[in-house]
Amino acid sequence: MGQGQSAPKPAAEQGAKKVGIKTGKPICCCCPDTKKLRDECVLMKGEEDADCLKLIVAHKACLRDEGFSVN
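Here is what the cut-offs are and how they apply
- Residues numbered from 1 in each chain as written.
- Predicted model: local features only at pLDDT ≥ 70, side-chain atom pairs only at ≥ 80, totals over all residues.
- Heavy atoms only, no water.
- Salt bridge = Lys/Arg side-chain N within 4 Å of Asp/Glu carboxyl O.
- Buried < 20%, exposed > 50% of the residue type's maximum accessible area, 1.4 Å probe, protein only.
- Helix = DSSP H or I, 4+ residues; strand = E, 2+ residues; numbered from the N terminus.
- Lys, Arg positive; Asp, Glu negative; His and termini not counted.
- Contact = heavy atoms within 4.5 Å.
- Polar contact = N/O pair within 3.5 Å; in protein donor to acceptor, adjacent residues only side chain to side chain.

Let's talk about the pattern of salt bridges
So, point 1. According to the stated counting rule, one finds two salt bridges in the structure shown.
So, point 2. Among the salt bridges present, the one from Arg38 reaches Asp39, with a minimum N-O distance of 2.6 Å.
So, point 3. For Lys45, the salt bridge is made with Asp51, and the minimal N-O distance between the two is 3.3 Å.
So, point 4. Asp51 gets classed as partly exposed once you look at its relative accessible area, which sits at 40%.

Considering the side chain of Glu66
So, point 1. Mapping Glu66 onto the fold places it in the segment after α3 (50–65).
So, point 2. Buried charge Glu66 goes without a salt bridge, the closest partner of opposite sign being Lys22 at 6.1 Å.
So, point 3. When near neighbours in sequence (up to four residues on either side) are disregarded, Glu66 contacts Val19, Gly20, Ile21, Lys22, Thr23, Cys30 and Cys31.

Comments concerning the side chain of His59
So, point 1. As for its placement among the helices and strands, His59 is situated in helix α3.
So, point 2. If near-sequence neighbours (up to four positions away) are discounted, His59 is found in contact with Cys30, Cys31, Thr34, Lys35 and Arg38.

Focus: the environment of Lys18
So, point 1. With respect to the helices and strands, the residue Lys18 is situated in the loop between α1 (11–14) and α2 (32–45).
So, point 2. Along the primary structure Lys18 and Gly67 are separated by 49 residues, whereas in three dimensions their C-alpha atoms are 9.1 Å apart.
So, point 3. The residues contacting Lys18, other than those within four sequence positions of it, are Lys25, Pro26, Ile27, Gly67 and Phe68.
So, point 4. A polar contact is formed between the side chain of Lys18 and the backbone oxygen of Gly67, at a distance of 2.6 Å.

Structure (structure tokens):
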């Protein structure tokens with residue numbers, strides 16, 4: 001290696017994905033129950049529907065409980 005170059009990072013460090021603290025799963029696979037209910041509601045009624053908004057909030061809370069940062 002030349003001057004100013006560093007060794008490549010190990011593969012584990014390059015693509016490390018955050019996983020939930022309870023399930024150990026990536027964000028896409030955490031909270032399947034709230035995710036399914038939310039998705040079905042949004043498809044049928046739209047995301048502005050009051051019932052859907054409650055399900056969206058519940059799903060975000062579940063993800064936060066897993067340690068993810070969601071808005």
